[in-house]
Amino acid sequence: MAIVKIISLIVFFLLVFYTKIDAQKNEEESFFISDIQIDKDKSESLMLEIDNLNFFKNNEYDGDVIKGYTLPGFRLIPRLIYFPNDRVKLELGASMLRYWGADKYPNYTYQEIPPWKPDDYQYGFHILPIFRVQVRPMDQLNIILGSIYGGSNHRLITPLYDPSLQLMADPENGAQLLLDSRFLSLDTWINWESFIYENDNHNEAFTVGLSSQIKLTNPNSTFSLNIPLQGVFVHRGGEIDSVDGGVYSLVNLATGLSSKYKWGNNKHISLDLMGLSFREFGQSESVTEDLEKTDIDQEGWALYAKLGIKYDALQLNFGFWRSDKFMSLFGNPIFGNYSRALKGRSFDKHDTYTSSLSYEHPFGNNIHMGADIDLYYSPKLMAYDDRSIFLVKESKSFNYSFGIYIRVNPSIMLKKF
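Caption draft 1: The arrangement of the overall build of the protein chain in detail. Helices and strands together make up the secondary structure of the protein chain, namely one helix and 20 strands. Across the 417 residues that make up the protein chain, the buried fraction comes to 48%. Across the protein chain, every contact between residues at least 6 apart in sequence was considered, and the portion connecting residues at least 24 apart equals 64%.

Caption draft 2: The nonpolar core, seen in detail. In this structure, F55, Y99, L276 and L329 are the most contacted members of the largest nonpolar core, which totals 50 residues. With residues near it in sequence (within four places) discarded, L329 still touches V232, V234, L250, V251, N252, F278 and R340.

Caption draft 3: Expanded view of the environment of Y311. Its place among the elements puts Y311 in strand β14 (residues 299-311). Put simply, Y311 and W263 are 48 residues apart on the chain and 9.9 Å apart in space, counted from C-alpha to C-alpha.

Caption draft 4: Expanded view of a nonpolar patch on the surface. A surface patch of nonpolar side chains, amounting to about 940 Å² of accessible area, comprises F223, Y261, W263, I269, L271, L273, L307, I309, Y311, L316 and F318. Going through the elements one at a time, β12 (248-264), β13 (267-282), β14 and β15 (314-324) are the ones with two or more residues in the nonpolar patch. Mapped onto the fold, I269 is located in strand β13.

Caption draft 5: Seen up close, the pairing of β14. In terms of strand pairing, β13 meets β14 through 13 bridges, oriented antiparallel. Bridging from a neighbouring strand, R279 pairs with E299 of β14. Two strands pair when backbone bridges link them, and β14 and β15 are joined in this way by 11 bridges, in the antiparallel orientation. If you follow G308 over to β15, its bridge partner there is N317. Joining the antiparallel neighbours β14 and β15 is a turn of two residues, in which D312 adopts a positive phi near 55 degrees.

Caption draft 6: Up close: the pairing of strand β7 (residues 141-147). Bridge count between strand β6 (residues 126-138) and β7: five bridges; the pairing is antiparallel. When the bridges of β7 are listed, M138 appears paired with L141. Turn length for the β6-β7 hairpin, with the two strands adjacent in sequence and antiparallel, is two residues. In this sheet, strand β8 (residues 173-180) lies alongside β7 in antiparallel orientation, the contact comprising seven bridges. Considered in β8, the bridge of I144 is made with Q176.

Caption draft 7: Summary view of the pattern of salt bridges. The tally for this structure, following the rule as stated, stands at 14 salt bridges. The closest approach of N and O atoms between D372 and K57, which form a salt bridge, is 3.3 Å. Of this pair, D372 sits in strand β18 (residues 367-384) while K57 is found in strand β1 (residues 45-60), placing the two residues 315 residues apart along the sequence. Here D372 matches K57 in class, with each residue buried.

Caption draft 8: Representation of the confidence of the model for the protein chain. On average, residues of the protein chain score 84 in pLDDT, and 85% of them reach the 70 mark or higher. The low-confidence segment residues 10-28, where pLDDT is below 50, has 43 contacts with residues more than four positions distant or belonging to other chains. For the stretch residues 285-296, pLDDT sits under 50, and the model shows 37 contacts to residues farther than four places along the chain or on other chains.

Caption draft 9: Fine view of the packing of aromatic side chains. Counting across every chain of the model gives 19 aromatic pairs. Ring geometry for Y121 against Y123: centres 5.5 Å apart, planes inclined by 85 degrees, an arrangement best described as edge-to-face. By relative accessible area, Y123 is classed as exposed at 61%. Here the aromatic cluster, defined as three or more aromatic residues joined through ring pairs, consists of F278, Y304, W321, F326, F335 and Y376. Here the basic side chain of K104 rests over the ring of Y121, its NZ or CZ set 4.4 Å away from the ring centre. Sitting over the ring of Y311, K267 keeps its end group 5.1 Å from the ring centre.

Caption draft 10: Spatial organisation of unusual backbone geometry. Look at D312: it is not a glycine, yet its phi comes out positive at around 55 degrees. By the element assignment, D312 lies in the loop between β14 and β15. Given a relative accessible area of 3%, D312 falls into the buried group. If you check the backbone angles, K325 has positive phi at about 55 degrees while not being a glycine. Looking at where K325 falls in the secondary structure, it is placed in the loop between β15 and β16 (346-347).

Conventions used here
Residues numbered from 1 in each chain as written. Predicted model: local features only at pLDDT ≥ 70, side-chain atom pairs only at ≥ 80, totals over all residues. Heavy atoms only, no water. Helix = DSSP H or I, 4+ residues; strand = E, 2+ residues; numbered from the N terminus. Buried < 20%, exposed > 50% of the residue type's maximum accessible area, 1.4 Å probe, protein only. Contact = heavy atoms within 4.5 Å. Core = buried A, V, L, I, M, F, W, Y, C linked by side-chain atoms within 4.5 Å. Patch = residues over 30% accessible without salt bridge, like charges linked within 9 Å, V, L, I, M, F, W, Y side chains within 5 Å. Areas by Shrake-Rupley, 256 points an atom, 1.4 Å probe, with all protein chains shown as cover. Salt bridge = Lys/Arg side-chain N within 4 Å of Asp/Glu carboxyl O. Pairing = 2+ DSSP bridges. pLDDT = per-residue confidence, 0-100. Phe/Tyr/Trp six-rings, centres within 6.5 Å; stacked < 30°, edge-to-face > 60°. Lys NZ or Arg CZ within 6 Å of the ring centre and 35° of its normal.

Have a look at this one:
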């Protein structure tokens, strides 16, 4: 029955959504990417921008890997944007997350769906302030403090960042440096997730990230070849809190080769070959309890290959994944060997075949519709209990998800100084 549902969804894509269009955005961009440029024409002006993402996302997952869930709702980010000159941009606003059917939201730093916290919550929305200072000292370089350009803007590969986090995670806050030159594109950032006071009863928490490409060929040529280097470093610790132990760090790194052949406007075929590593180290016997795992000083590896075909509004991807003792810090747990659903459950070295179909269509400059289907199949999933001692399951694993999105982001000129 699951296969019938998937085939029906694919037919739905092709019959209802597919329309040949003239590209209105850079082919490198996706539905979730935000414009980071400082528009010289808006110098000495005050703007009102409203970024609204409406979504319905359903994840049907193997219960041994991750619990399935549905995300129906929207995120609304109204902002006042002031351009003092053509090198500086200031933004002030709020991020408001709403799930349909929910009227109270636990006060957490959201990374995924947070656990319920009945004694500390917000009514109506999960609300956070937005404040960004962006300076462009030279054309190729941008420096951002405050609310950084996070999420899919980092352009991490899917095993390192699950796009579904765009519908759950808080905006990232900290510092960011963006560089885009002929030979190198670079995004490096720190996202400060949890601040502590002296004798606080929880850990300091932050993430450091790197997403870069060494451009071996001209990116505007018909054929391009790049060396990507990506990584995320998660730290939990602090010196002034009152927590005994629990200081640890987790690292994901990825590198390889990325190639692309273009044969027309918004038409290309790409091939990525990547090697990934995972490392955890710390000073506690249960440093990753929040990630449902108890081992310490672990190392893991993974191989990832992805073939992508883009034709106007449609993007079709096929992938292969193999991993051993690997944990993806911000990716879908399907890309890894440790369960997020069952504490202490781990998986032997296994293969996963992936495929996805996505669609994007602009309705003018400020309204976009998108939809996607993702399939994950592991022909043999061998599950072990705590510390991988006893085999508790051996079977196939089939997971899938689908979503539909509408993004509305009008920009209104309030005053020209």
